[in-house]
Amino acid sequence: MTLQDFLMLDLPPLLAAMLAGGTCGLLGSFLLLRRESLIGDALSHAVLPGIVLGFAFTGARAGLPMLLGAMLAGLAAVALIAVVQKAARLDPGAAIGAVFTTFFAVGLVLLEVTGARSVDLDLDCVLFGQLETLVWTEGRDLAALLDPAALAALPRQLGLMAGVALVVAVAVAAFWRPIKLACFDPAFARAIGLPSRSIELALALLVAAAAVAAFEAVGSILVVALLVCPAAALRLMTDRYTVQVLGGAGLGALLGAVGYALAGPVPAALGVDLALNAAGVIGTLGGLVVAAAALLRPRRRPAAAAITA
Amino acid sequence: MIAYNTLVVLSGCALLGVAAGTVGTFALLRGRALVADAVGHAALPGVAVAALIVALVGADPRALPPLLAGAAIAGLLGVLAVQALTRTRRIREDAAIAIVLSAFYAAGVALLSWLQTLPGAAQAGLSKFILGQAAAMRAEDAYIAATVAATCLVLVLLAFQRLRAVAFDMDFARVQGLRTDRTDLLLLALIVLVCVSGLQAVGLILVVALLVLPAATARLLTHRLPRMLALAAGCGALAGAAGAWVSAMRPEVPTGAAVVLLAALLFTLALLFAPERGLLARLWVLLRRRLAADTEHFLRAAWEAQEAAGAGPGTAGDRWAPIGAVAAARGWSAGKAARLAAWLALRGLVARAEGHVHLTPRGATLARRAVRAHRAVEHHLLAAGTADADSADRLADLLEHGLPPEMAARLLPEPSALPASPHALGAGR
């Protein structure tokens, strides 16, 4: 494999996988601590109609309309889940199951009706992700990394993902303490006057944005793996909040990188004729990491031992 | 004329809907509905591995039973994985479900992409299991789905008592000596069976909706379990058959999406129009209650305006009260007071003339009852020392409606007496 091959064919998907993994891993910890992992599941499915409509309006895979549509769809789904849960007196799981499947089904039908289904946005992208299709035609040598004209030719999905990752990172850093309180003790957070509802809403919006950004890389369903698996693995290993949140982001990015490498480049370098779907490998790795964490996790000292010690 | 094959497929999907509605009802009541989501997604690697084995053995790659068996095994493994993760006590069930469904599905995606590179047609058409494609179902596929669905139904009927006990009161069932863990396992097995039999028609992503939506629809319509089961089965059958029909007519629409949208439509209708729990019915009750409270407040204010004008406590006298005074006493806008006056005049409770109202005998009776209830609560609160005159007035405003006459009689023992108001009457309080 030459450097040119790497820059043109491997660098964009690698970056995309790492950005998606890092963003989702960061947000996943908050979802897990707030016991809202299924909201992440629901949002990643529910943004589909928004994406399709955004695509249909502009006729191209422009980032902003799709992002906007997806965030609206995500908000609508969250609001509808609350309404259905209250009005039909369902438990949260059932309400989520009822709403997100409906949104996803609407998205699938819209995909057919609006004619958005095309080479650009098709079912395969929704179901399997399209990491492999990201290429950088201008990446001929290392000098291109510093050349603005060549950088402008990077796949525009990367720009969207980097933007969302930046926004998410800044938001998390700026509201570190309020988010922490809202994760661990929502009642206390409300009592001391934190806008608990707004934080909740902002979190949902960020997850929706991350879901769209990651959607093009790993597909609608595998976003769930990136949202839940790194966070859950860290939750099994640590009790420290900072480690949990930052570690989740790091593990997510690592999963993205290793998964992508294992799917194609590494077997190719070893001379094995094996090319797997990168998103699938990333998700599988996520599951394996959780399983490993569950087996290897540090056992807490039993209470009796703590008393006699 | 519907072709024979289409007819068989429609019937198969209808029966599938019946089974999904029935099993879904128990899953919903037991709080287990989303397990189906994990089972459905987890089936994908099972299907892929089964297809690989079938291809290696050299059997017919289109045969359904081995694929469904693979799906069932993988689905069961998924359920076990959810339980194992939950047992760590650090990952709750919701997160465990999300982990299992995404990781298993991812493994399936990776396997599919590998199968594609193999020679032969091992993976041909496997992706139809993801979103469902009833149009591609052959009659014998429909028979298989129908058989599995029928098995589910029979099992539900056989274990009806146990399932009911576990769905409603786990602890009671345990105290009664039922093996609740076994019943739970049976329920999980039923969920797996339904998901597997629905794979070809609905697809593994959306099969959870077939379990949740009809059951949730039925839950809105009735409180009784047998009726709920029947309604859920009916909704499931309708959505299943109609969805399959839509997809048979327009093959480019994924069947799963069609089935789910029809089930969601039924659910939405129930959510809006259900006789007791529907949003419209509850809005209607709320508005009627609010109107009843406003009516009582108006009548009482009219009575008290007459009292304040010198009729003395307990007697309304034959006076006319200005609507403006009523509005001021209640803090209402003039328009609202006028509208209420018109409504009460229509009901024959007041007479209206020149911006004044006069209580008719029926209106006076109701007004006296309202005043009595209000003052009973006020005096009670004051006697108990829980409130001063002003807050007693406000609390009584909230409590008096729907206070039965017997209760007012307990608070105010003398039947004919109407005590004086503990505070000044009129506006400005």
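Residues numbered from 1 in each chain as written. Chains lettered and ligands numbered in written order. Predicted model: local features only at pLDDT ≥ 70, side-chain atom pairs only at ≥ 80, totals over all residues. Heavy atoms only, no water.

Describing helix 11 (residues 222-237) of chain A
Keep this limit in mind: We count a stretch as a helix when DSSP gives it H or I for four or more residues in a row; a strand needs E for two or more, and each element gets its number in order from the N terminus. A helix is expected to reach a length of 1.5 Å times the quantity of its residues less one. The cut-offs for exposure are 20% and 50% of the maximum accessible area for each residue type, with area from a 1.4 Å probe on protein chains only; residues under the lower value are buried, those over the upper are exposed, and the others partly exposed.
Compared with the 22 Å implied by 1.5 Å per residue over 16 residues, the 23 Å span of helix 11 of chain A between its first and last C-alpha is a close match. With 14 of 16 residues buried, helix 11 of chain A is to be regarded as a mostly interior element.

Some remarks on the interface of chain A and chain B
This is how it is decided: Pairs of residues are marked as contacts when any of their non-hydrogen atoms sit within 4.5 Å. Summed over both partners, the accessible area (1.4 Å probe) lost when two parts come together is defined as the buried area. Any Lys or Arg side-chain nitrogen found within 4 Å of a carboxyl oxygen on Asp or Glu counts as a salt bridge.
Between chain A and chain B, the residue contacts involve 56 residues of the former and 50 residues of the latter. Here chain A meets chain B over a buried area of about 4,200 Å², counting both sides, of which 76% is carbon and sulfur. The interface formed by chain A and chain B holds one salt bridge in total. Put simply, A:Asp239 and B:Arg90 hold a salt bridge, and the shortest N to O gap is 2.5 Å. Elements supplying a minimum of two residues to the side of chain A that touches chain B: helix 2 (37-58), helix 3 (63-87), helix 4 (92-113), helix 5 (123-128), helix 11 and helix 14 (278-296) of chain A. Take the side of chain A that touches chain B: its biggest share by element is 13 residues, from helix 4 of chain A.

Digging into the nonpolar core
As a reminder, the rule being used: Throughout, nonpolar core names a set of buried Ala, Val, Leu, Ile, Met, Phe, Trp, Tyr and Cys residues whose side chains join them through atoms within 4.5 Å.
Counting residues in hydrophobic clusters, the biggest one holds 206 residues, and the most contacted among them are B:Tyr105, B:Ile130 and B:Ile205. With 14 residues, helix 10 (residues 196-218) of chain A is the largest single contributor of residues to this core. If we skip the residues at most four places from it in the chain, B:Ile205 touches A:His45, A:Phe104, A:Leu127, A:Ile221, B:Asp37, B:His41, B:Tyr105, B:Ile130 and B:Leu131. Residues B:Trp332, B:Leu344, B:Val357 and B:Ala367 belong to the second largest nonpolar core, which totals 21 residues.

Notes on the UniProt feature "transmembrane region" (unreviewed entry) in chain A
Residue and element names in this part refer to chain A. Operational definition: UniProt positions are given in the numbering used here, feature names are shortened, and annotations may be inferred rather than shown by experiment.
Within the UniProt annotation, "transmembrane region" (unreviewed entry) is assigned to residues 12-33, 66-84, 93-111, 158-176, 245-263 and 275-296. As a span, residues 12-33 carries 100% helix and 0% strand, and end to end its C-alpha atoms are 32 Å apart. What you have in residues 66-84 is 100% helix and 0% strand, and the ends, taken at the C-alpha atoms, are 26 Å apart.

Section: the side chain of B:His374
Looking at the secondary structure, you find B:His374 in helix 16 (residues 361-383). Among residues more than four places away in sequence, those in contact with B:His374 are B:Arg300, B:Asp393, B:Ala396, B:Asp397, B:Glu400 and B:His423.

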